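An overview of the molecular structure
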Amino acid sequence: MLIEPTYTTKQYWLTILLSGLTIGILSSAVYFLLYWFLYVKQSFLFSLLYIIPLLSSTITLVVFKHKYVWKNFSYGSAFLMSFMTGLLSAIILSLTLYVAYSQGLESRIDLFDNGNTNIQDMMSPKAISLSMFVINVVLSLLYSLIIAIFAKRKNKE
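This one's a predicted model, so the numbers in the text were calculated from it and none came from an experiment.

Once that is clear, we can look at helix H3 (residues 75–102). Taking 1.5 Å as the rise per residue, H3 with 28 residues should run 40 Å; its terminal C-alpha atoms sit 40 Å apart, in good agreement. Just downstream of H3 lies Gly-104, where phi reads positive at about 120 degrees.

Spelled out as structure tokens, the structure:
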């Protein structure tokens, strides 16, 4: 007799929570490593911050699907898992950036010298963390739509 494992709701949400926390912490660590050690104006290395959630969400879905899902795994379930993972990681990254910039991390923009208050407002801790949140949520939505197509599984009996 073959035992076919299927996932429970607890496993599903625990996977989302753990992977979202891990991706958020990893993204924050990469951001600060790039900020402190590899900062160059207009550096392409900061694009890693947008690729990490894509790769991590894909790995999360692949591992979850192969470990727990042997029957049906719908597009909706795959999309929700990927999107919620990305949303949680975006929240953690944004909160980390807000706290870091509020506690004295410099924004390293040389545009403050001209006295333009509009630019200073756009580089406030709140604006920086909010913009990173919006960018990561939009990218997470797009990534989730694409990843879920490949992650769904139909029952072949």
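The discussion continues.
Let's shift gears to a nonpolar patch on the surface. A contiguous nonpolar surface patch, about 920 Å² in accessible area, is contributed by Tyr-75, Leu-130, Val-134, Val-138, Leu-141, Leu-142, Leu-145, Ile-146, Ile-149 and Phe-150. The element that contributes the greatest number of residues to the nonpolar patch is helix H5 (residues 125–151), accounting for nine residues.

Moving on: the nonpolar core. In this structure, Tyr-31, Phe-32, Leu-49, Leu-97, Tyr-101 and Leu-105 are the most contacted members of the largest nonpolar core, which totals 16 residues. Residue assignment for this core shows that the elements contributing at least two residues are helix H1 (9–37), helix H2 (48–68), H3 and H5. With six residues, the single largest contributor to this core is H1. Residue contacts for Phe-32: discarding those within four places in its chain leaves Thr-96, Leu-97, Ala-100 and Leu-105.

A few words now on the environment of Asn-136. Among the secondary structure elements, Asn-136 is positioned in helix H5. Between the alpha carbons of Asn-136 and Tyr-50 there is a distance of 7.2 Å; along the sequence they are 86 residues apart. Beyond its immediate stretch of four places on either side in the chain, Asn-136 contacts Leu-49, Tyr-50, Ala-90 and Leu-93.

Our next topic: the side chain of Ser-57. The topology assignment puts Ser-57 in helix H2. Here Ser-57 falls in the buried class, since its relative accessible area comes to 5%. In contact with Ser-57, not counting residues within four places along its chain, are Ile-23, Ser-82, Thr-85, Gly-86 and Ile-147.

Conventions we followed
- The residue numbers shown here count from 1 along each chain, following its written sequence.
- Reporting in this predicted model follows two pLDDT cut-offs: at least 70 for local features of residues, and 80 or more for side-chain atom pairs to be given and counted; totals over whole chains, interfaces and linings ignore these cut-offs and use all residues.
- Working from all heavy atoms in the structure, the side-chain values ignore hydrogens and water.
- By the criteria applied, helices consist of DSSP H or I runs no shorter than four residues and strands consist of E runs no shorter than two, each listed in order from the N terminus.
- What a helix should span is 1.5 Å times the count of its residues minus one.
- Note on patches: the residues involved have over 30% relative accessible area and no salt bridge, like charges join within 9 Å, and the nonpolar side chains Val, Leu, Ile, Met, Phe, Trp and Tyr join within 5 Å.
- Each accessible area value is a Shrake-Rupley result obtained with a 1.4 Å probe; residue values ignore everything except the protein chains displayed when judging cover.
- Each salt bridge in this description consists of a side-chain nitrogen of Lys or Arg and a carboxyl oxygen of Asp or Glu lying within 4 Å of one another.
- As used in this record, nonpolar core signifies buried Ala, Val, Leu, Ile, Met, Phe, Trp, Tyr and Cys residues forming a set joined through side-chain atoms within 4.5 Å.
- We call a residue buried when its accessible area falls under 20% of the maximum for its residue type, exposed when it is over 50%, and partly exposed in between, using a 1.4 Å probe and counting protein chains only.
- The contact criterion used throughout is that any non-hydrogen atoms of two residues lie within 4.5 Å.

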